[in-house]
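# Summary of the model geometry
For reference, the chains in residue letters:
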Amino acid sequence: MSVLVYTENWDGEFKKLSFELISFAVKLAEEMQTEVVALSVGKTKDEELKKLSQYGVKRILKVENEEVDQFDPQIYAKVLSEVAAREQASLVVMADNNTGKALAPRLSVRMKAALASGVSSMPDSLSPFVIKTRAFSGNAFAVTELPTEVKIVTIAQNSFDLVEKPSEAVIEDAGVDISGMKPKTVVKEVEKQTDQLLLTDAEIVVSGGRGMRSAENWAPIEELASLMNGATACSRPVSDEGWRPHEEHTGQTGKVISPNVYFAIGISGATQHLAGVSGSKYIIAINNDKEAPIFDAAQYGIVGDAAKILPKLVDALKKAKSA
Amino acid sequence: MNILVCISHVPDTTTKIKFSENNTRLDTAGIQWVINPWDELSLTRALELKEKSGSGVQKVSIAHVGPASTEPTIRKALAIGADDAYRVDTEARDAYQVAANLAEVVKSGSFDMILCGIESSDYNGSSVGGMLAEFLDYVSVSGISHLDVENGEVHTTRELDGGCEKLIVPAPFVGIVQKGIAKEPRIAAMRGIMMARKKPIQLVDAADKEPLTVIKEFEPPKPRPACKFVDPENPEELIELLQNEAKVI
Ligand SMILES: Cc1cc2nc3c(=O)[nH]c(=O)nc-3n(C[C@H](O)[C@H](O)[C@H](O)COP(=O)(O)OP(=O)(O)OC[C@H]3O[C@@H](n4cnc5c(N)ncnc54)[C@H](O)[C@@H]3O)c2cc1C
Ligand SMILES: Nc1ncnc2c1ncn2[C@@H]1O[C@H](COP(=O)(O)O)[C@@H](O)[C@H]1O
């Protein structure tokens with residue numbers, strides 16, 4: 001038996017997300033009295049792979065065949081299912097991000113393994129295996145039993161703390177047989193957002209809504225975000241108006257994020273907006289209407305004109321930083 | 001080229017979600033049902049492609065897995081402009097069962113492009129599209145934010161974490177769509193509503209597949225504590241609370 005973690009590297013480098021996956025899996029494996037095996041697909045240096053062992057994983061399998069240079073869910077699902085079967089994995093853990101969403105369902109059918117997606121808490125019980133999944137756009141959890149022999153869980157980013165547990169890890173080639181499998185799609189162009197904190201990775205997010213009035217007023221939002229090493233976001237009408245880029249739109253039809261802190265500035269708090277941010281640990285609202293529904297979701301609030309409050313907030317933060 | 005759009009039937013996004021029978025069932029009283037927002041957008045894009053000259057798209061069909069009570073949602077999709085519909089007459093209990101049934105629909109017809117949404121706003125599984133592709137052993141492309149057909153060749157943009165890729169995709173394939181696929185959902189016009197009444201809804205027998213998961217009950221999210229208000233003249237206080245009380249910055 002084992003718990004298999006599908007880690008993800010970007011151009012050979014791991015991000016916090018993969019360490020969250022390992023931390024979650026190590027904790028769970030202890031309760032299940034089994035071992036964690038990490039799988040890394042794509043070229044990475046061994047030093048980089050060793051970073052995973054900081055969080056308690058003792059076996060790391062890598063797949064560096066040229067067949068995986070391009071992300072092809074069909075080939076990747078085959079790799080995962082082969083490794084999971086060989087390692088007798090009873091649980092496969094991956095991220096509930098674009099990659100996980102593309103792979104986990106394919107793997108589920110391939111292995112006839114029950115899938116729980118968007119998990120943000122430890123299982124309620126191990127046997128039977130019962131875990132909460134996100135449902136009704138954050139308005140409920142579905143307490144779900146996974147009765148199959150192999151189970152798959154995808155976890156929401158930034159929902160589990162990193163737990164350091166330095167250990168010695170063995171790195172092996174996974175030795176999967178995928179030679180001759182060719183991606184059927186043809187990649188014409190790749191665009192990467194480099195050197196930029198991704199909204200989904202950010203622990204602090206400063207977000208503006210229609211109450212910001214125009215694109216020109218975003219400077220203090222950007223400044224607040226950069227002072228806290230955070231990312232900027234916005235409500236849908238703001239990206240529809242073209243005040244902000246589309247990647248920033250959060251909500252039911254945008255990104256679903258769960259940062260530690262979400263500042264909602266000039267955002268009314270419509271259910272469709274909250275659907276994307278209700279997983280945040282703290283919501284802070286600034287709005288000139290004290291009846292705005294955002295205050296029902298917020299722990300801290302300021303009622304007033306954002307245009308007046310934001311510069312003061314920036315000053316206060318700068319002072320606090322230099323103190 | 002024929003397109004099949006998979007349609008999920010979900011509570012309107014503003015509906016207050018409540019449960020009954022000891023929180024084991026969704027309380028459907030007073031729920032307004034709608035086409036899942038993503039599916040409305042992929043239907044819109046499919047129709048745009050059909051209308052685009054030289055695209056080679058001939059027909060746009062829709063498929064839904066659900067009991068007869070969901071027919072108003074199917075009629076609505078027909079009124080928006082789909083040519084015909086398939087309904088698998090069963091109340092599926094999880095995404096696996098939905099996908100297994102959709103696979104039967106796909107096998108019974110001749111479709112080059114099958115579109116699913118990134119997630120249904122009910123169980124938020126983000127699962128059906130990928131599962132369907134695996135049942136069929138088709139190529140799947142997830143996170144599609146742009147879709148076009150030129151001279152019978154399918155061009156897509158897929159979003160990855162931290163970037164995007166432009167791909168050419170061979171048919172048949174399953175496309176899983178997200179934000180960007182169409183601007184605004186198309187609305188049914190009166191003429192469409194009249195025509196929809198006459199469009200065929202083909203009933204398909206349910207596949208013999210058991211679900212893989214069992215929902216035991218639903219739990220509301222933890223209520224958030226009441227909001228603490230900070231004096232707008234004194235935003236320092238907010239910084240102080242975030243540093244010392246919440247300890248998050
Ligand atoms: C199917 C569907 C999906 C949707 N998906 C999304 C989604 O993913 N994300 C999303 O955000 N929306 C989504 N929406 C739209 C959503 O319903 C709301 O319309 C939207 O979230 C409102 O954005 P807003 O809060 O920026 O604007 P508004 O609702 O206009 O709110 C502006 C707020 O700013 C406040 N304000 C005004 N002036 C000031 C000032 N000077 N200082 C401080 N505050 C001020 C106002 O009091 C108000 O509360 C969706 C809608 C539908 C139907
Ligand atoms: N009952 C259903 N019938 C047809 N298609 C469905 C059904 N449920 C989900 N889908 C499709 O699968 C997508 C993702 O749903 P889900 O995996 O449930 O989050 C939806 O956007 C639909 O395209």
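Our structure's up above, just so we're on the same page.
All names here are of chain A. Axis separation between helix H5 (residues 219–227) and helix H9 (residues 306–322) bottoms out at 10 Å; the angle between their running directions is 20°. For the element pair H5 / H9, the angle class is roughly parallel. Crossing geometry of H5 relative to H9 is assigned as left-handed. Contact residues: Pro220, Ile221, Glu223, Leu224 and Leu227 in H5; Leu310, Leu313, Val314, Leu317, Lys318 and Lys321 in H9.

A separate point is the site of ligand 1. Residue and element names in this part refer to chain A. Close contacts around ligand 1 come from 25 residues, with Ser235, Ser268, Gln272, His273 and Asn287 the closest. Here an oxygen atom of ligand 1 sits 2.8 Å away from a polar atom, N or O, in the main chain of Arg210. Considered on its own, ligand 1 offers 990 Å² of accessible surface; in the complex 79% of this is hidden by protein. For the shell around ligand 1, the elements supplying multiple residues, two or more each, are helix H6 (236–240) and helix H7 (271–277). For the shell around ligand 1, the class distribution of residues is four nonpolar, 16 polar and five charged.

This brings us to the nonpolar core. Ranked by internal contacts, the top residues of the largest apolar core, which has 128 residues, are Leu39 and Val92 of chain A together with Ile62 and Leu132 of chain B. Counting residues per element, this core draws most heavily on helix H1 (residues 16–32) of chain A, which supplies 10 residues. With 33 residues, the next largest nonpolar core counts Ile221 and Val314 of chain A together with Ala246 and Val248 of chain B among its residues.

Right, let's get into the interface of chain A and chain B. At the interface, 82 residues of chain A touch 74 residues of chain B. Between chain A and chain B, a total of about 6,900 Å² is buried, with carbon and sulfur atoms accounting for 58% of that surface. It is Arg106, Phe136 and Tyr300 of chain A in chain A that bury the most area against chain B; as a group they hold 12% of the surface buried on that side. Between the two partners, chain A and chain B, sit eight salt bridges. Its salt-bridge partner being Glu189 of chain A, residue Lys166 of chain B comes within 3.6 Å of it at the nearest N-O pair. Our count for the chain A to chain B interface comes out at 40 residue pairs in polar contact (both at pLDDT 80 or more). The element that contributes the greatest number of residues to the side of chain A that touches chain B is helix H4 (residues 98–111) of chain A, accounting for nine residues. Of the residues in the side of chain A that touches chain B, the class split is 40 nonpolar, 26 polar and 16 charged.

Take the state of the cysteines next. A covalent bond bridging the sulfur atoms of two cysteines is what the word disulfide describes. Across all of its chains, the model carries zero disulfides over all chains by this definition. Cys6 of chain B forms no disulfide, and the closest cysteine sulfur to it belongs to Cys116 of chain B, at a distance of 3.8 Å.

Another aspect to go through is a negative patch on the surface. A contiguous patch of negative charge, built from Asp315 of chain A together with Asp231, Glu236, Glu237 and Glu240 of chain B, is present on the exposed surface. In terms of residue count, the dominant contributor to the negative patch is helix H6 (residues 236–245) of chain B (three residues). Tracing the backbone shows Glu240 of chain B in helix H6. Its relative accessible area of 43% is what places Glu240 of chain B among the partly exposed residues.

Below, the discussion takes up the packing of H4 of chain A against helix H4 (residues 128–136) of chain B. Where H4 of chain A contacts H4 of chain B, the two axes come as close as 7 Å, and the packing angle between them is 45°. It follows from the interaxial angle that H4 of chain A and H4 of chain B lie oblique. The chirality of how H4 of chain A crosses H4 of chain B is right-handed. Contacts between H4 of chain A and H4 of chain B involve Pro105, Arg106, Ser108, Val109 and Arg110 of chain A from the first element and Gly130, Met131, Ala133, Glu134 and Phe135 of chain B from the second. Residues that form the contact of H4 of chain A with H4 of chain B fall into these classes: five nonpolar, two polar and three charged.

Attention now goes to the site of ligand 2. Residue and element names in this part refer to chain B. Surrounding ligand 2, one finds 18 residues, the nearest of these being Cys6, Asp39, Ser120, Ser127 and Val128. One of the backbone nitrogen or oxygen atoms of Gly125 is found 3.2 Å away from an oxygen atom of ligand 2. Between ligand 2 and Ser127 there is a distance of 2.7 Å, counted from an oxygen atom to a backbone nitrogen or oxygen. In isolation ligand 2 has 480 Å² of accessible area, and contact with the protein removes 93% of it. At the level of secondary structure, the elements contributing two or more residues to the shell around ligand 2 comprise strand S6 (59–65), helix H3 (95–108) and strand S8 (113–117).

Residue Ser127 of chain A is joined to Pro128 of chain A through a cis peptide bond whose omega torsion reads 5°. By the secondary structure assignment, Pro128 of chain A is in the loop between strand S7 (114–119) and strand S8 (130–135). The linkage connecting Ala171 of chain B with the following residue, Pro172 of chain B, adopts the cis geometry, with an omega of -5°. On the secondary structure map, Pro172 of chain B appears in the loop between strand S11 (163–169) and strand S12 (173–177). The residue Gln88 of chain A is not glycine, and still its phi comes out positive at about 50°. Its location among the elements puts Gln88 of chain A in the loop between helix H3 (73–86) and strand S6 (89–95).

Here we take up the packing of aromatic side chains. What the rule picks out here adds up to 13 aromatic pairs over all chains. Relative to Phe229 of chain B, the ring of Phe295 of chain A lies with its centre 5.1 Å away and its plane at 55°, an arrangement referred to as tilted. Taken together, the positions of Phe295 of chain A in helix H8 (residues 294–297) and Phe229 of chain B in strand S15 (residues 228–229) put the pair across two chains. Residue classification places Phe295 of chain A among the buried positions, given a relative accessible area of 4%. An aromatic cluster of three or more residues is present, and its members are Phe136 of chain A together with Phe19, Tyr123 and Phe218 of chain B. Note that Lys15 of chain A overlies the ring of Trp10 of chain A, its terminal NZ or CZ placed 4.3 Å from the centroid.

A few words now on the sheet that holds strand S15 (residues 261–265) of chain A. Strand order in the open sheet formed by six strands is S14(A)-S13(A)-S15(A)-S16(A)-S17(A)-S15(B), and the pairing between neighbours is parallel. Every interior strand has two partners, whereas the edge strands, strand S14 (231–234) of chain A together with S15 of chain B, have only one. Of the pairings in the sheet, the one linking strand S13 (residues 204–208) of chain A to S15 of chain A comprises five bridges and is parallel in character. Bridge pairing links Gly208 of chain A to Ile265 of chain A in S15 of chain A.

Scoring rules and cut-offs
Each residue is numbered by its place in its chain's sequence as written, counting from 1. Each chain gets a letter, beginning with A, and each ligand a number, beginning with 1, in the order they are written. In keeping with the model being predicted, local features are shown solely for residues with a pLDDT of at least 70 and side-chain atom pairs are shown and tallied solely at 80 or more, while totals for entire chains, interfaces and linings include all residues. Computation of side-chain values covers all heavy atoms of the structure but excludes hydrogens and water. Lines are fitted to the C-alpha atoms to define the axes, a helix being fitted only along its stretch in contact, and any angle between axes, read from their N-to-C directions, falls within 0 to 180 degrees. Strands are runs of DSSP state E lasting at least 2 residues, helices are runs of H or I lasting at least 4, and numbering of each runs from the N terminus. Each angle receives one of four descriptions, namely roughly parallel if under 35 degrees, roughly antiparallel if over 145, roughly perpendicular if within 65 to 115, and oblique otherwise. In this scheme, a crossing is called left-handed if the near helix is turned counterclockwise away from the far one by less than a right angle; it is called right-handed if the turn is clockwise. Two residues qualify as a contact provided that any one of their heavy atoms is within 4.5 Å of a heavy atom in the partner residue. Nearness is judged by heavy atoms alone; a residue qualifies as near a molecule or strand once a single heavy atom is within 4 Å of it. We define a polar contact as two N or O atoms separated by no more than 3.5 Å, with the added condition that, inside protein, one atom must be a possible hydrogen donor and the other a possible acceptor, whereas residues neighbouring each other in sequence contribute only through side-chain atom pairs. For accessible areas, the Shrake-Rupley method is used with a probe of radius 1.4 Å. Any residue's cover is judged against the shown protein chains and nothing else. Polar here means any residue outside two lists: the nonpolar Ala, Val, Leu, Ile, Met, Phe, Trp, Tyr, Cys and Pro, and the charged Asp, Glu, Lys and Arg; Gly therefore counts as polar. We call a set of buried Ala, Val, Leu, Ile, Met, Phe, Trp, Tyr and Cys residues a nonpolar core when their side-chain atoms join them within 4.5 Å. The classification of residues rests on relative accessible area computed with a 1.4 Å probe and restricted to protein chains. Under 20% of the type maximum is buried, over 50% is exposed, and intermediate values are partly exposed. Summed over both partners, buried area is the accessible surface (1.4 Å probe) that two parts give up on being assembled. Definition used for salt bridges: Asp or Glu carboxyl oxygen within 4 Å of a side-chain nitrogen of Lys or Arg. The disulfide criterion is simple: two cysteine sulfur atoms within 2.5 Å. Every patch collects residues that have over 30% relative accessible area and no salt bridge, joining them within 9 Å if they carry like charges and within 5 Å if they are nonpolar side chains (Val, Leu, Ile, Met, Phe, Trp, Tyr). All tallies of charge rest on Lys and Arg as positive and Asp and Glu as negative; His and the ends of each chain are not included. All charge positions are set by atom: Lys at NZ, Arg at CZ, Asp at CG, Glu at CD. Stacked, tilted and edge-to-face are the three classes assigned to paired rings of Phe, Tyr and Trp, where Trp is represented by its six-membered ring and a pair needs centres within 6.5 Å; plane angles under 30 degrees give stacked, over 60 edge-to-face, the rest tilted. Whether a charge sits over a ring depends on NZ of Lys or CZ of Arg being within 6 Å of the ring centre and within 35 degrees of the ring normal. Only strands joined by at least two bridges in the DSSP assignment are considered to pair.

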